[in-house]
Amino acid sequence: MTGTQSNSFSLLDKRIQQYIWSEKWEALRDTQELAIPAILTGNIDTIISAATAAGKTEAAFLPALSYLLSVDPNGLIIYIGPLKALINDQFLRLEKLCALLEIPVWPWHGDISSSIKSKFRKNPKGVLLITPESLEATLFNQGSSLNGIFSRLLFVIIDELHIFIGSERGKQLQSLLHRIEVIRSKRIIRIGLSATLGDMSLAAEFMCPNRTDAVAFIESKNDTKDLLIKVRGFEEPAHTICKPSSSLTNIIEAVDIDADVDVTSKNTSKQPAIAPAQIATDLFDVMRGSNNLIFPNSRADVELFTNKLQELCEFNKVPNEFWPHHGNLSKELRSETEEALKQTEHPATAICTSTLELGIDIGSVKSVAQIYPPPSVASLKQRLGRSGRRDNEPEILRGYVVEKEFGNDNPSLADDLRLSTLEFTACISLLIEKWFEPPVLNGLHLSTLIQQILSAIGQDGGIYAGPLYQLLCSNGAPFSGITKCDFLDLLSNLGKKELLMQDSSGLLLHGRVGESIVNHFSFYAAFSSPAEFRIVAGGTTLGTLPVKMMLKKGQRILFAGRTWSVEDIDDDKKVIFVQRARGGVPPAFIGGRGRVHTKVRQRMYELLLSEDTPSYLDNMAIKFLVQARSFFKKKELEGAKFIDQGEQVTLLTWLGDNANEALSCLLGFHGISAIASGPTIEVQKRGSSVDSVIKVLHVISHSDLPNVDLLLADASNIEREKWDWALSPGMLRQSYASLYLDLPEAIDWATQVA
DNA sequence: GACCTGCTGCGGGATG
């Protein structure tokens with residue numbers, strides 16, 4: 001490469017240019033060309049978006065390091081990554097270049113020894129690679145020396161920006177960045193790296209609230225890949241237990257366990273589902289011989305399919321090629337699977353949850369299987385991005401849907417309308433159009449506000465209410481929607497819960513409960529994890545299991561793809577002792593589905609109206625689609641808003657879960673008992689008629705919006721985030737509503753109908 | 001309500 005071919009190249013520090021020559025790069029990537037001049041100005045926030053990891057990190061670091069060398073060789077760049085594994089990867093990538101430039105690189109997360117951390121604190125310069133949680137710990141514990149640590153901070157680089165948008169952890173990150181700027185009394189330039197973002201302005205709003213107009217957007221133009229799709233349908237006989245709608249039944253039946261037989265077959269009228277076995281057989285045939293990822297949607301199903309696929313290998317006397325990967329498996333078992341994927345001598349396929357959806361390097365993957373509809377279009381896109389990573393290789397998606405055979409028993413509307421097939425097809429058609437769910441930016445995340453209050457008190461050794469409000473809730477601060485009145489209400493509630501106390505001058509300090517919370521390292525994470533049992537076999541920990549159901553000695557469970565029998569349970573130490581056994585049921589993970597977006601539901605409806613048959617459906621899947629359409633036609637459901645079913649009325653809204661839940665709340669507020677159910681709302685008539693429901697919808701569409709306190713007055717079980725338990729009932733309702741209720745969409749529907 | 005992510009600094013004692 002020469003300077004004449006690339007203007008951007010010549011702008012870089014000479015030593016970095018030499019490094020690029022010595023690495024024999026043929027050319028800078030398009031994102032790098034564009035990012036270099038923007039970042040080198042040293043005063044523009046930048047978002048770099050490209051599909052794969054190809055060169056995004058370099059697009060940020062080459063100019064950032066050049067800038068550092070020219071402006072302040074003792075300056076500091078902070079890189080924030082969501083995963084420890086990612087920080088380790090980036091450390092290896094940066095080490096060589098930075099050694100050449102004589103710039104130190106500091107990896108910093110929970111597994112890094114404290115001697116490295118204290119060395120950095122003594123000489124805070126170079127590149128710091130850190131997690132949000134470790135950054136939180138630094139702010140909390142190093143209050144008096146923070147000015148020194150951040151005094152020469154030049155850039156903050158945020159990797160996998162899209163992972164943070166719209167979550168508790170993202171709110172925490174915004175707050176940390178804001179607190180650092182307050183310490184420095186100056187703007188810190190932010191650089192975000194991300195997979196393709198649907199709406200760049202939302203990402204900018206997240207990364208730089210209140211100063212979005214100055215953000216430079218850099219999007220790769222080389223992101224298009226060929227996409228091959230096949231969706232296979234499987235029909236579950238009427239007399240068997242059908243996934244996924246009956247997963248809860250499975251779990252409840254799995255509780256009674258003294259018998260030796262597989263408990264799911266104890267019920268004489270129901271046989272275990274046969275579709276999973278058929279799907280496993282198909283996967284065994286098409287996946288063997290190459291590297292692939294298989295995504296069922298739950299940890300229980302990861303165990304189920306791993307078990308079936310490993311049995312098939314055994315039965316056919318071939319070496320095992322199938323490995324499980326999910327968040328409850330121990331680090332050792334997970335890295336075993338990761339190693340199997342990375343090595344190139346033997347083919348390997350992982351059956352996994354979203355653990356392998358994130359950006360850890362697992363080598364190249366030929367195809368991705370999705371069993372049952374994906375949780376969202378965004379997650380389907382992310383999963384698919386793991387295949388075809390080499391140039392000229394297509395992305396390959398193999399989908400599997402299961403529908404119940406029409407039998408004698410009363411089928412539900414969901415069965416008749418073949419909702420699984422419709423939802424999966426809708427997701428694929430939106431994926432092809434490059435649409436995916438936008439992140440929700442308006443969540444209040446008041447749970448995280450509590451954490452940040454406790455952390456700010458720790459940082460300063462106590463703080464008065466006024467400056468605290470100024471820090472966290474004023475204009476441009478991360479919780480700027482909170483009024484002074486709400487804030488005081490929150491503080492007084494935190495006092496009642498003994499999270500806070502005030503000294504005689506009014507200074508806010510940690511209360512008795514607050515003290516014990518902040519003194520445990522679990523304080524630093526903004527999100528919570530459920531209590532879990534360790535599973536131990538012969539002295540080796542296999543992993544952890546969130547046990548919410550009763551467990552008994554002698555029970556069989558599936559874990560890490562194998563069957564175990566429970567030998568002993570230590571409730572105090574939270575340990576389950578097991579040994580190998582044969583036959584078993586999936587572990588009792590409780591689960592439903594994620595939340596479906598309105599756009600997906602409307603595409604499902606459009607699919608019912610259309611007569612096109614997508615070419616990627618196999619004959620069985622086409623049969624499901626034809627059945628759904630003929631039922632839709634026979635029942636004259638086009639344009640229908642209500643189905644009168646005797647005791648209840650079904651409202652056919654075809655809206656997303658947030659809108660349906662909001663409409664249910666509104667109906668409840670007006671005295672009508674309603675519950676959101678998939679694309680519909682079930683209304684109990686209780687003697688009234690469809691007309692009276694329409695009247696209420698009319699009232700809803702013509703009234704002012706009732707406040708959230710009244711709407712959620714009867715709602716229980718709405719605590720979702722880590723410190724939600726410490727919110728007053730009113731603030732808890734506000735926080736919940738901001739995340740899970742779409743009132744405008746609900747009212748819009750009521751207006752159309754009434 | 002799918003799934004996932006993450007987590008201190010110190011002081012004492014042993015060792016080189």
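Rules used in this analysis
- Residues numbered from 1 in each chain as written.
- Chains lettered and ligands numbered in written order.
- Predicted model: local features only at pLDDT ≥ 70, side-chain atom pairs only at ≥ 80, totals over all residues.
- Heavy atoms only, no water.
- Near = heavy atom within 4 Å.
- Polar contact = N/O pair within 3.5 Å; in protein donor to acceptor, adjacent residues only side chain to side chain.
- Helix = DSSP H or I, 4+ residues; strand = E, 2+ residues; numbered from the N terminus.
- Nonpolar A, V, L, I, M, F, W, Y, C, P; charged D, E, K, R; others polar.
- Core = buried A, V, L, I, M, F, W, Y, C linked by side-chain atoms within 4.5 Å.
- Buried < 20%, exposed > 50% of the residue type's maximum accessible area, 1.4 Å probe, protein only.
- Contact = heavy atoms within 4.5 Å.
- Expected span 1.5 Å × (residues − 1).
- Arc of directions from axis to C-beta.
- Axes fitted to C-alpha atoms, helices over the stretch in contact; angles between N-to-C directions.
- Parallel < 35°, antiparallel > 145°, perpendicular 65-115°, else oblique.
- Pairing = 2+ DSSP bridges.
- pLDDT = per-residue confidence, 0-100.
- Lys, Arg positive; Asp, Glu negative; His and termini not counted.
- Salt bridge = Lys/Arg side-chain N within 4 Å of Asp/Glu carboxyl O.

### Topic: the protein's contact with DNA strand B
Move 1: The local shell around DNA strand B holds 39 residues, among which K84, R334, F521, R595 and E661 are the closest.
Move 2: Between DNA strand B and G327, the relevant distance is 2.7 Å, taken from a phosphate oxygen to a main-chain nitrogen or oxygen of the residue.
Move 3: The side chain of R595 places a nitrogen or oxygen atom 2.3 Å from a base oxygen of DNA strand B.
Move 4: Only α6 (114-122) and α7 (132-141) provide two or more residues apiece to the surface near DNA strand B.
Move 5: Across the surface near DNA strand B, the residue classes tally to 9 nonpolar, 19 polar and 11 charged.

### A short note on the nonpolar core
A general feature of soluble globular proteins is that nonpolar side chains tend to end up buried together.
Move 1: With 64 residues, the main nonpolar core has L449, I450, I453, L468, L667 and L697 as its most contacted residues.
Move 2: Ranked by the residues each element gives to this core, the list is headed by helix α19 (residues 446-460), at 7 residues.
Move 3: With sequence-adjacent residues up to four places away left out, L468 is seen in contact with I453, A456, I463, F487, L491 and L508.
Move 4: Grouped together as the second largest cluster of nonpolar side chains are 48 residues, F295, L422, F436 and V600 included.

### Quick notes on helix α26 (residues 690-702)
Move 1: For α26, which comprises 13 residues, the first-to-last C-alpha distance of 19 Å matches the rise-based estimate of 18 Å (1.5 Å per residue) to within 8%.
Move 2: All of the buried residues along α26 are V690, V693, V696, L697, I700 and S701. Relative to the axis of α26, the buried residues are bounded by an arc of 140 degrees and lie together on one face. More than 90 degrees from the buried face of α26, the exposed residues found are D691, K695 and H702.
Move 3: Those residues of α26 that are buried lie in contact with β21 (642-645), β22 (648-652), α25 (657-669), β24 (680-684) and α29 (743-753).

### Regarding the pairing of strand β6 (residues 189-194)
A regular strand places its side chains on the two faces of the sheet in alternate fashion.
Move 1: Extensive coverage of β6 is indicated by the burial of 6 of its 6 residues.
Move 2: By the alternation rule, side chains of β6 split into I189, I191 and L193 and R190, G192 and S194, which are all buried.

### Points about the environment of L705
Move 1: Within the secondary structure layout, L705 lies in the loop between α26 and α27 (708-711).
Move 2: The class for L705 is partly exposed, based on a relative accessible area of 48%.
Move 3: Distance in space between the C-alpha atoms of L705 and G668 is 14 Å, their sequence separation being 37 residues.
Move 4: Leaving out residues up to four positions away in the same chain, L705 has contacts with L743 and I747.

### Side note on the packing of α25 against α26
Two packed helices can be described by the angle between their axes and the distance between those axes.
Move 1: Axis separation between α25 and α26 bottoms out at 10 Å; the angle between their running directions is 105 degrees. As the angle between them shows, α25 and α26 are arranged roughly perpendicular. Here α25 contributes L663, L666 and L667 to the contact with α26, which in turn contributes V696, L697 and I700.
Move 2: Along the lines of polarity and charge, the residues of the contact of α25 with α26 split into 6 nonpolar, no polar and no charged.

### Details of the sheet that holds strand β23 (residues 674-677)
Move 1: Pairing is antiparallel across the open sheet formed by 4 strands, whose spatial order is β21-β22-β24-β23. The sheet is open, and its two borders are formed by β21 and β23, each paired with just one other strand. Averaged over all pairs of adjacent strands, the angle between strand axes in this sheet comes to 20 degrees, irrespective of strand direction.
Move 2: As paired elements, β21 and β22 share 4 bridges and run antiparallel to each other. Within β22, the residue paired with F642 across the bridge is L651.

### What to know about the sheet that holds strand β3 (residues 105-108)
Move 1: On the basis of which strands lie adjacent, the open sheet formed by 7 strands has the order β3-β4-β2-β5-β6-β1-β7 and parallel pairing. Two strands bound the open sheet, and with one partner strand each, they are β3 and β7 (216-219). Geometrically, the sheet is characterised by an average inter-axis angle of 15 degrees between neighbouring strands, direction not taken into account.
Move 2: Sheet topology note: the strand β2 (residues 76-80)/strand β4 (residues 126-130) ladder contains 5 bridges and is parallel. Bridge pairing in β4 places Y79 opposite L129.
Move 3: Helix α10 (residues 168-184) rests against β2, β5 (153-158) and β6 of the sheet, and its axis sits at about 175 degrees to β5.

### Here's the deal with the environment of A137
Move 1: The topology assignment puts A137 in helix α7.
Move 2: Owing to a relative accessible area of 16%, A137 belongs among the buried residues under this scheme.
Move 3: C-alpha of A137 to C-alpha of L430: the two residues are 293 residues apart in sequence and 41 Å apart in space.
Move 4: Those residues in contact with A137 that sit more than four places away from it in its chain are Q142 and Y524.

### Describing the confidence of the model for chain A
Move 1: Model confidence for chain A is summarised by a mean pLDDT of 87, while 90% of its residues fall at 70 or above.
Move 2: Of the regions scoring below 50 in pLDDT, residues 243-268 engages in 45 contacts with residues more than four places distant in sequence or in other chains.
Move 3: Per-residue pLDDT stays below 50 along residues 587-592; that stretch engages in 18 contacts with residues further than four places along the chain or on separate chains.

### Brief notes about the side chain of K117
Move 1: Examined against the element boundaries, K117 turns out to sit in helix α6.
Move 2: Comment: no salt bridge for buried K117; closest opposite-charge side chain is D111, at 8.2 Å.
Move 3: Dropping the residues within four chain positions of it, K117 is found in contact with W108, H109 and I112.

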